[in-house]
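Here are the chains, one letter per residue:
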Amino acid sequence: MMEKRIAIDQLEPQSFEAVRALEKYLAQSQLTPIHKELIKIRASQLNGCAFCLDMHTKYALKYGETPQRIFLLDAWRETDLFTEEERILLQVTEEVTLISQKGLTTETYEAALKILGERYLAQAIVAIATINVWNRLAVSTHKPIPA
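Starting afresh in each chain, residues are numbered from 1 along the sequence in its written order. Where totals are concerned, whole chains, interfaces and linings use all residues; where local detail is concerned, this predicted model gives features only for residues with pLDDT of at least 70, and gives and counts side-chain atom pairs only at 80 or more. Hydrogens and water are ignored here; the side-chain numbers use all heavy atoms of the structure.

Visitor: Outline the overall build of the chain, listing residues and values.
Guide: Secondary structure elements follow DSSP: runs of H or I of four or more residues count as helices, runs of E of two or more count as strands, with numbering from the N terminus. A count of helical and extended segments in the chain gives 8 helices and 0 strands. Mapped in sequence order, the helices and strands of the chain form the string α-α-α-α-α-α-α-α. A radius of gyration in this sense is built from C-alpha atoms; the matching globule rule multiplies 2.2 Å by the number of residues raised to 0.38. The globule rule puts the C-alpha radius of gyration for 147 residues at 15 Å, and the 15 Å found for the chain is close to it. Projected onto its principal axes, the C-alpha positions of the chain cover 45 × 30 × 30 Å. Burial classes: relative accessible area under 20% of the type maximum marks a residue as buried, over 50% as exposed, and values in between as partly exposed (1.4 Å probe, protein chains only). By the burial criterion, 39% of the 147 residues in the chain qualify as buried. Note on contacts: a residue pair is in contact if any heavy atoms of the two residues lie within 4.5 Å. Contacts spanning at least 24 positions in sequence make up 68% of the contacts within the chain whose residues lie at least 6 apart. Accessibility throughout is a Shrake-Rupley quantity obtained with a 1.4 Å probe, and a residue counts as covered only by protein chains that appear here. With the model as given, the accessible surface of the chain reaches about 8,600 Å², and the carbon-plus-sulfur share is 56%.

What follows is the structure, encoded as structure tokens:
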């Protein structure tokens, strides 16, 4: 049983509104709903965020993602279920999420520019940064999964 911790959304609601402003921006971005959810699920896997994994796997299914691809997302390199565009998004997601390891490498950055283009890559990086904020808030406070 995880210990109960502070609820930042209740104590500091303006902080959550600031992150929600990023979500509003992302809602009007060119990123497809599936791409956004793949980014959110993969970052949440890396960060061990159960709250966000629960939420975004449900959203992904709602948007038409298959259970098989969700189940295999942690091993995306070992399957041909993901498109070239999705594979580079997942690689960028991993490198930005694990930024302290080596950062977004030049090789990945250049490949992403070639495959995604500048604007789509920029929007993807904002999406990755945003889910990492949500992950850190939820993991740090042991945000409970809704029943």
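Visitor: Explain the packing of helix H2 (residues 13-27) against helix H8 (residues 118-141) residue by residue, including any values.
Guide: In this description, a line fitted to the C-alpha atoms serves as the axis of each element, helices being fitted only across the stretch in contact, and the angle between N-to-C directions of two axes falls anywhere from 0 to 180 degrees. Where H2 contacts H8, the axes come no closer than 10 Å and their chain directions differ by 150°. When the axes of H2 and H8 are compared, the pair comes out roughly antiparallel. As for the relative orientation of H2 and H8, their crossing is left-handed in sense. Residue-level contacts link Phe16, Val19, Arg20, Leu22, Glu23, Tyr25 and Leu26 of H2 to Gln123, Val126, Ala127, Thr130, Val133, Trp134 and Leu137 of H8. Angular relationships are summarised with four words: roughly parallel below 35 degrees, roughly antiparallel beyond 145, roughly perpendicular across 65 to 115, and oblique for the angles in between. Note on convention: near helix rotated counterclockwise from far helix by under a right angle means a left-handed crossing. Clockwise means right-handed.

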